[in-house]
Amino acid sequence: MMETEKTNGNELKDLQKELSYKKTSAWESLDKQAAFGFAQEYKEFLLNKTEREFAKATVDMLKSCGFIDIDDAGELKPNDKVYKSIRGKGVTIAIIGQSGGMDGYNITAAHLDSPRLDLKQIPLYEDEGAALALFKTHYYGGIKKYQWATIPLALHGVIYTKDSQKVEVCIGEDENDPVFVVSDLLVHLASEQMGLKASEVITGEQLNIAIGNMPIEGDGDVSQKIKLNILKILNEKYGIDEDSFITAEIEAVPAGKPRDVGFDSSMIAAYGHDDRVCSFAALKGILSATDPKRTCICILADKEEIGSLGATGLQSRLYENFIASLFAKCNGSYDELAFRRSLELTNVLSMDVDAAYDPTFSSAFEIKNSAVIGSGSAMTKFTGARGKSSSNDADAEYIRALFDLFKKNGVPVQMTELGKVDQGGGGTVAFILAQKGSNTVDYGVPVLSMHAPMEVISKVDLYSAYQGAKAFYESDIVIKH
Ligand code: MN
Ligand code: MN
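First things first, this report covers the structure right here in the doc. (Residues numbered from 1 in each chain as written. Chains lettered and ligands numbered in written order. Predicted model: local features only at pLDDT ≥ 70, side-chain atom pairs only at ≥ 80, totals over all residues. Heavy atoms only, no water.)

## Looking at the layout of surface pockets
In this approach, a probe sized like a water molecule rolls over the atoms, and the result shows the empty space that is left. Our working definition: Put plainly, a pocket is an open set of points on a 1 Å grid over the protein atoms alone with protein on both sides within 12 Å along at least five of seven lines, a cavity is a set where a 1.4 Å probe fits but cannot get out, and a lining residue has an atom within 4 Å of a point. Grid points are joined across faces, edges and corners, and a volume is the space filled by probe spheres set on the points. Helix numbers and strand numbers start at the N terminus; a helix is a DSSP run of H or I with at least 4 residues, a strand a run of E with at least 2. Residues were grouped as follows: Ala, Val, Leu, Ile, Met, Phe, Trp, Tyr, Cys and Pro as nonpolar; Asp, Glu, Lys and Arg as charged; and all remaining residues, including Gly, as polar.
There is about 1,200 Å³ of room inside the largest pocket. Ala355, Leu418, Gly425, Met450 and His451 are the residues nearest the centre of the largest pocket, which is lined by 40 residues in total. Of all the elements in the fold, those that place two or more residues in the lining of the largest pocket are β16 (354-355), β17 (377-380) and β19 (439-444). For the lining of the largest pocket, the class distribution of residues is 15 nonpolar, 16 polar and 9 charged.

Have a look at this one:
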């Protein structure tokens with residue numbers, strides 16, 4: 001047997017470098033103070049707890065930064081800044097690049113909606129035996145229902161008065177406001193409940209929100225005096241009656257402000273990180289992109305949590321129409337084939353949150369391929385379930401180009417997938433843009449307790465995602481297959 005040549009371990013150890021991408025704390029490479037400052041801005045913006053509120057605050061911010069409604073714009077030229085509100089629940093934003101759009105766009109797509117309890121259309125009732133007035137709800141998105149009991153809830157949304165005036169509602173966020181609450185059964189009487197599956201501990205029809213206990217004064221003979229008293233209060237305050245609820249859109253969301261987590265204040269606990277953390281990172285990314293070569297588009301969509309359907313979900317033509325308008329206003333006219341070809345040359349970051357490895361529930365994860373909180377932004381080649389089913393499985397060519405870009409710009413990034421094989425799964429908006437022929441990959445921020453009333457992220461991951469979005473907007477990646 002021949003003796004093999006001895007190799008020099010020091011030279012070869014460089015080969016292992018790529019493996020260190022993840023599990024390297026991003027705190028070591030990023031500017032801590034900048035990350036904390038950015039997080040502070042984010043926490044304030046997170047007070048916009050619904051897609052409507054976030055979209056409105058975004059439009060206000062855009063206007064103050066010189067963006068104009070695309071419908072008010074004439075011919076567009078490099079560095080022009082436009083936006084379009086998607087029925088007040090989504091926003092599309094663009095900065096025209098040097099090349100106008102024929103050679104493709106740099107698009108990020110994130111979503112503004114989060115899981116919550118929506119009021120039913122006929123929500124208000126009094127249980128006379130219990131002496132309580134309550135709201136019936138229908139939950140929105142994927143939730144563990146039991147998590148929504150016994151926490152303070154606030155009501156946000158729109159409702160019409162008796163004479164059809166639209167009123168914006170936000171009750172439960174000011175510290176002098178009342179909050180609302182779903183009850184749970186006391187443990188003393190819960191022997192039956194404690195034996196149920198977690199999905200049955202609190203059922204959908206048990207997500208009833210307590211809203212009052214005090215009967216109306218006087219009016220001797222009327223029934224349902226507690227409910228009547230609530231209606232009297234609502235009428236005095238908002239000019240609404242019971243019929244107003246039929247056409248209302250009111251969301252019950254966890255009340256209160258985002259809070260720092262940990263002795264080192266390195267993390268943020270808040271409602272709705274999914275997906276406002278990526279929405280904010282993308283929004284700030286496009287606002288800080290300097291002199292982009294390609295036309296940059298930031299999409300903030302609604303309805304991701306229920307399948308991206310409806311006119312305000314990303315599958316709606318409203319989003320594509322915005323890009324088509326951009327095309328027309330940059331190139332003097334609209335050409336269907338040229339527009340579609342520009343989408344083929346387009347690069348997309350589908351920005352959504354990722355599942356952070358949770359040491360308490362480690363059996364659901366495969367550590368080597370899971371996102372680790374604090375290790376920077378997370379890229380996900382594929383989502384889906386059961387053998388990558390229903391996934392956009394991004395091309396190696398595109399992923400490599402992005403990794404090179406992020407490395408060049410010092411953006412911490414880890415390559416991840418959501419949990420163990422066959423453990424479950426999830427989807428994002430990636431497939432929608434990929435279907436248009438654009439290079440598309442999932443990218444975002446790792447989250448602990450995703451879809452819980454209080455989710456947790458690391459400030460450094462938020463900052464990494466913002467830096468990633470900015471570098472992406474300023475990039476000019478051309479993929480050759
Ligand atoms: Mn999401
Ligand atoms: Mn989600």
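## Here we look at helix α2 (residues 32-45)
Convention followed: A helix is expected to span 1.5 Å multiplied by its residue count minus one. Between two residues, a contact is recorded if the distance between any of their heavy atoms is within 4.5 Å. Polar contacts, as used here, are pairs of N or O atoms within 3.5 Å; protein pairs need one atom able to donate a hydrogen and one able to accept it. Residues neighboring in sequence count only if both atoms are side-chain atoms.
With 14 residues, α2 extends 20 Å from end C-alpha to end C-alpha; this agrees with the ideal 20 Å at 1.5 Å per step. At its buried positions, α2 is contacted by α3 (51-64), β12 (259-261), β13 (267-270), α6 (273-288), β21 (455-458) and α11 (459-473). You can read the cap of α2 off the contacts: a side-chain oxygen lies 3.1 Å from the backbone nitrogen of Gln33, and it is on Asp31.

## Quick look at the pairing of strand β4 (residues 105-111)
Put simply, the rule is: Here the term buried applies to any residue with accessible area under 20% of the maximum for its type, exposed to any over 50%, and partly exposed to those in between, with areas from a 1.4 Å probe on protein chains only. We treat two strands as partners when DSSP finds at least two bridges between them.
Across the 7 residues that make up β4, a large majority, 7, are buried. Burial of the side chains of β4 extends over both faces: Tyr105, Ile107, Ala109 and His111 are buried on one face and Asn106, Thr108 and Ala110 on the other. Two strands pair when backbone bridges link them, and β4 and strand β14 (residues 295-301) are joined in this way by 7 bridges, in the parallel orientation. Across the sheet, the residue bridging to Ala110 is Leu300, located in β14. In terms of strand pairing, β4 meets strand β15 (residues 347-351) through 4 bridges, oriented parallel.

## Comments concerning the pairing of β13
Looking along a regular strand, one sees side chains alternate from face to face of the sheet. Here β12 pairs with β13 via 3 bridges, running antiparallel. Within β13, the position partnered with Val261 by the bridge is Met267. Taken together, β12 and the strand that follows it, β13, pair antiparallel across an intervening segment of 5 residues, in which Gly262 is found at a positive phi of about 95 degrees. Here β13 runs beside β21; their pairing, made up of 4 bridges, is antiparallel. Bridge pairing in β21 links Ile268 to Ile457.

## What to know about the sheet that holds strand β3 (residues 90-95)
With respect to topology, 9 strands assemble into an open sheet ordered β1-β2-β3-β14-β4-β15-β19-β17-β18, the strand pairing being mixed. Looking at which strands have only one partner, the edges of the open sheet turn out to be β1 (68-69) and β18 (413-416). Taken together, the 6 bridges between strand β2 (residues 81-86) and β3 define a ladder with antiparallel strand orientation. Within the sheet, the bridge partner assigned to Ile86 lies in β3 and is Gly90.

## Thoughts on the environment of Ile216
Summarising the element assignment, Ile216 is placed in the loop between β10 (209-212) and α5 (225-238). For Ile216, a relative accessible area of 11% puts it in the buried group. Between the alpha carbons of Ile216 and Glu53 there is a distance of 33 Å; along the sequence they are 163 residues apart. The residues touching Ile216, leaving out its near neighbours within four places in the chain, are Lys225, Leu228, Asn229 and Lys232.

## A word on the packing of aromatic side chains
What counts here: Aromatic contacts are taken between Phe, Tyr and Trp rings whose centres are within 6.5 Å, Trp giving its six-membered ring; a plane angle under 30 degrees counts as stacked, one over 60 as edge-to-face, and the others as tilted. Think of it as a cone above the ring: NZ of Lys or CZ of Arg counts as a charge over the ring if it is within 6 Å of the ring centre and within 35 degrees of the ring normal.
Under the defined criterion, the tally for this structure stands at 16 aromatic pairs. Ring centres 5.4 Å apart and planes at 65 degrees place the aromatic pair Phe135 and Phe245 in the edge-to-face group. Taken together, the residues Phe135 in strand β6 (residues 132-140) and Phe245 in the loop between α5 and β11 (249-254) connect sequence positions 110 residues apart. Per residue, the accessibility class of Phe135 equals that of Phe245, and both read buried. Ring centres of Tyr334 and Phe339 lie 5.5 Å apart, and the angle between their planes is 50 degrees; on these two criteria the pair is classed as tilted. Note on Tyr334: relative accessible area 38%, which makes it partly exposed. A residue is classified by how much of its surface remains accessible, and Phe339, at 1% relative accessible area, is buried. Connected via pairs of aromatic rings, a cluster forms that spans Phe38, Tyr42, Phe45, Phe54, Phe280, Tyr463 and Tyr466. Lying across the ring of Tyr140, Arg116 places its NZ or CZ 3.6 Å from the centre.

## Quick notes on the packing of helix α9 (residues 396-408) against α11
Going by this rule: For every element, the axis is a line fit to its C-alpha atoms; helices are fit only across the contacting stretch, and the angle between N-to-C directions ranges from 0 to 180 degrees. Here the angle decides the label: under 35 degrees means roughly parallel, over 145 means roughly antiparallel, 65 to 115 means roughly perpendicular, and every other value means oblique.
Interaxial distance between α9 and α11 falls to 10 Å at its minimum, and their mutual angle equals 110 degrees. Comparing the axis directions of α9 and α11 gives the class roughly perpendicular. On the side of α9, the interface is formed by Tyr398, Leu402, Leu405 and Phe406, while α11 contributes Gly468, Ala471 and Phe472. The residue inventory of the contact of α9 with α11, partitioned by class, reads 6 nonpolar, 1 polar and no charged.

## Some remarks on the coordination of the manganese ion (ligand 2)
Expected angles at a metal are 109.5 degrees for tetrahedral coordination by four donors and either 90 or 180 degrees for octahedral coordination by six donors. Which entries qualify depends on this criterion: Donor atoms: N, O and S within 2.8 Å of the metal, or within 3.2 Å for Na, K and Ca. Because water is excluded, sites can look incomplete.
Every protein donor of the manganese ion (ligand 2) is listed here as Asp274 (OD), Glu305 (OE), Glu305 (OE) and His451 (NE2), and their distances to the metal cover 2.0 to 2.6 Å. In primary sequence terms, the donor set of the manganese ion (ligand 2) follows D-x30-E-x145-H. The exposure class of Glu305 is buried, given its relative accessible area of 13%. We classify His451 as buried; its relative accessible area is 17%.

## A look at the sheet that holds β21
Strand order in the open sheet formed by 3 strands is β12-β13-β21, and the pairing between neighbours is antiparallel. On the outer flanks of this sheet lie β12 and β21, each paired with one strand and no other. Looking at each pair of strands side by side, their axes are set apart by 35 degrees on average, direction ignored. Across the sheet, α6 lies against β13 and β21, angled at about 30 degrees from β21, the strand it touches most. Together, β12, β13 and β21 form the strand contacts of α11, whose direction differs from that of β21 by roughly 65 degrees.

## Focus: the coordination of the manganese ion (ligand 1)
Protein-derived coordination of the manganese ion (ligand 1) comes from His111 (NE2), Asp274 (OD), Asp352 (OD) and Asp352 (OD), at a distance range of 2.1 to 2.5 Å. As a motif over one chain, the donors of the manganese ion (ligand 1) read H-x162-D-x77-D. In this structure the manganese ion (ligand 2) is found 3.3 Å away from the manganese ion (ligand 1), and Asp274 serves as a bridging donor for the pair. With Asp274 in helix α6 and Asp352 in the loop between β15 and β16, the pair connects residues that are 78 residues apart, well separated along the chain.

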